[in-house]
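Spelled out, the chains give:
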Amino acid sequence: MRNILCLFAIALLMANCGGSPTDSSAANIRLNDSLYFEKTGFNVLVFNNMYDNLFDDSKVSAVEIIHHGIRTATNGDVRLNPSPGQWDPIPKFVERKVDAENGRIEVTLNYPAYNFRYTLAVEASGDGVLMSVNTETPIPDELNGIAGLNIELFPPVFWGASYIIDGKTGLFPTVPSADITTINGQNEPLPVVSGKKIDIAPDVPAKHLTVSVTDDSELSLYDGRSKQQNGTFTLRTLLPAGKSGKIAEWFITGESLSGWKREPVVAYSQVGYHPAQQKIAVIELDKNDNPLSNIVLWKVNADGSRQKALAGKPELWGQYLRYNYLKFNFSEIKESGIYLLEYGKQIAGPFP
């Protein structure tokens with residue numbers, strides 16, 4: 001069980017920047033049967049993961065982006081800080097509605113302390129999604145200049161990459177670089193840059209995201225690491241005072257590598273196997289990948305050479321969440337030694 005859980009964790013975090021040249025005519029995004037938005041190499045999850053009330057900055061909640069196999073952005077929602085931390089307020093989840101026919105997900109949330117109820121809506125639009133904040137009444141006066149639509153970018157993904165916002169250019173730094181101010185009684189970073197449209201990592205097609213406002217509001221980039229060690233780069237638009245209905249909206253899209261598929265992941269027991277126990281490896285595949293007909297178990301010799309111990313066709317297990325799974329049973333092998341598993345171009349191991 002431990003190894004399967006590790007496999008699922010790797011599934012969402014493992015980097016893979018390979019692929020074919022950019023698909024300039026990227027297919028439109030769609031809301032799929034697993035209820036997240038999808039086009040080649042670009043997935044948008046909308047409250048598929050809820051907030052963790054123990055660690056509010058766990059970075060795996062609300063609206064999330066998985067881009068060519070890497071989780072690049074998360075915690076897309078209305079927040080009360082430019083760079084939210086562990087103890088900063090989070091909204092209370094009320095309900096989630098999925099309109100599969102129209103490719104739209106609506107999530108109703110509430111900040112009870114301010115009696116502030118709103119709906120965060122995400123819908124497919126061409127090759128990207130529209131993410132909007134909708135209210136029946138204007139935001140409370142005490143949240144004017146405080147509440148904003150945020151999404152957080154993982155710093156290590158973008159270190160050294162460029163950004164371009166309304167013609168202004170810069171690089172994502174490896175160390176905190178923002179000045180600090182006081183907002184709502186807390187130290188918060190000042191914006192690094194602001195504008196209407198930002199292209200993030202346009203120099204790296206596998207990571208290239210574009211976010212733009214669709215109205216007369218402004219989009220700002222913050223470096224939250226100036227506030228806390230696990231801070232992130234944050235995009236933010238302040239919610240306007242005195243307005244109701246659709247009060248903020250972004251268009252978000254990501255560049256696609258033509259024909260991209262995530263590389264297979266072969267999971268095995270990292271502590272090895274007792275000769276007499278059951279031995280099963282699990283192969284995790286992109287759901288658009290075709291299973292190979294052969295996997296090989298190699299025994300490693302002292303001189304570095306390999307001896308084929310077993311070869312066979314992996315058995316289809318089925319789909320779980322975003323991936324398909326195969327199993328390879330090599331329980332018949334009982335000779336002690338060091339082994340490797342080879343599936344296509346992937347070599348997994350060594351293990352005893």
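The following paragraphs examine the structure supplied in this document. (Residues numbered from 1 in each chain as written. Predicted model: local features only at pLDDT ≥ 70, side-chain atom pairs only at ≥ 80, totals over all residues. Heavy atoms only, no water.)

Examining the overall build of the chain
Phase 1 of the analysis: Of the regular secondary structure elements, the chain holds two helices and 28 strands.
Phase 2 of the analysis: With the principal axes as the frame, the chain shows a C-alpha extent of 75 × 45 × 40 Å.
Phase 3 of the analysis: Looking at the chain residue by residue over its 352 residues, the buried ones come to 51%.
Phase 4 of the analysis: In the chain, of all internal contacts separated by at least 6 residues, the share reaching a separation of at least 24 is 63%. (Helix = DSSP H or I, 4+ residues; strand = E, 2+ residues; numbered from the N terminus. Buried < 20%, exposed > 50% of the residue type's maximum accessible area, 1.4 Å probe, protein only. Contact = heavy atoms within 4.5 Å.)

Structural notes on the sheet that holds strand β10 (residues 148–153)
Phase 1 of the analysis: Here we have nine strands laid out as an open sheet, ordered β1-β2-β3-β4-β5-β10-β19-β18-β15, and antiparallel in their pairing. Strands at the two margins of the open sheet, each flanked by one partner only, are β1 (30–31) and β15 (193–195).
Phase 2 of the analysis: Where β10 lies against strand β19 (residues 233–238), six bridges are found, and the strand directions are antiparallel. Bridging across to β19, L149 finds its partner in T237. (Pairing = 2+ DSSP bridges.)

What to know about a nonpolar patch on the surface
Phase 1 of the analysis: Together, W317, Y320 and L321 make up an exposed nonpolar region whose accessible area comes to about 350 Å².
Phase 2 of the analysis: You can see L321 is positioned in the loop between β25 (315–320) and β26 (323–329).
Phase 3 of the analysis: Classification of L321 as exposed rests on a relative accessible area of 58%. (Patch = residues over 30% accessible without salt bridge, like charges linked within 9 Å, V, L, I, M, F, W, Y side chains within 5 Å. Areas by Shrake-Rupley, 256 points an atom, 1.4 Å probe, with all protein chains shown as cover. Salt bridge = Lys/Arg side-chain N within 4 Å of Asp/Glu carboxyl O.)

Topic: the pattern of salt bridges
When the charged atoms of two side chains with opposite charge come close together, those side chains can pair.
Phase 1 of the analysis: Taken as a whole and judged by the stated rule, the model has twelve salt bridges.
Phase 2 of the analysis: The shortest N-O distance in the salt bridge between E106 and R104 comes to 2.7 Å.
Phase 3 of the analysis: Between E249 and K246 there is a salt bridge whose closest N-O contact spans 3.0 Å.
Phase 4 of the analysis: Since its relative accessible area comes to 49%, K246 is described here as partly exposed.
Phase 5 of the analysis: Salt bridges here are not isolated pairs; linked through shared partners, they connect R30, E38 and K287.

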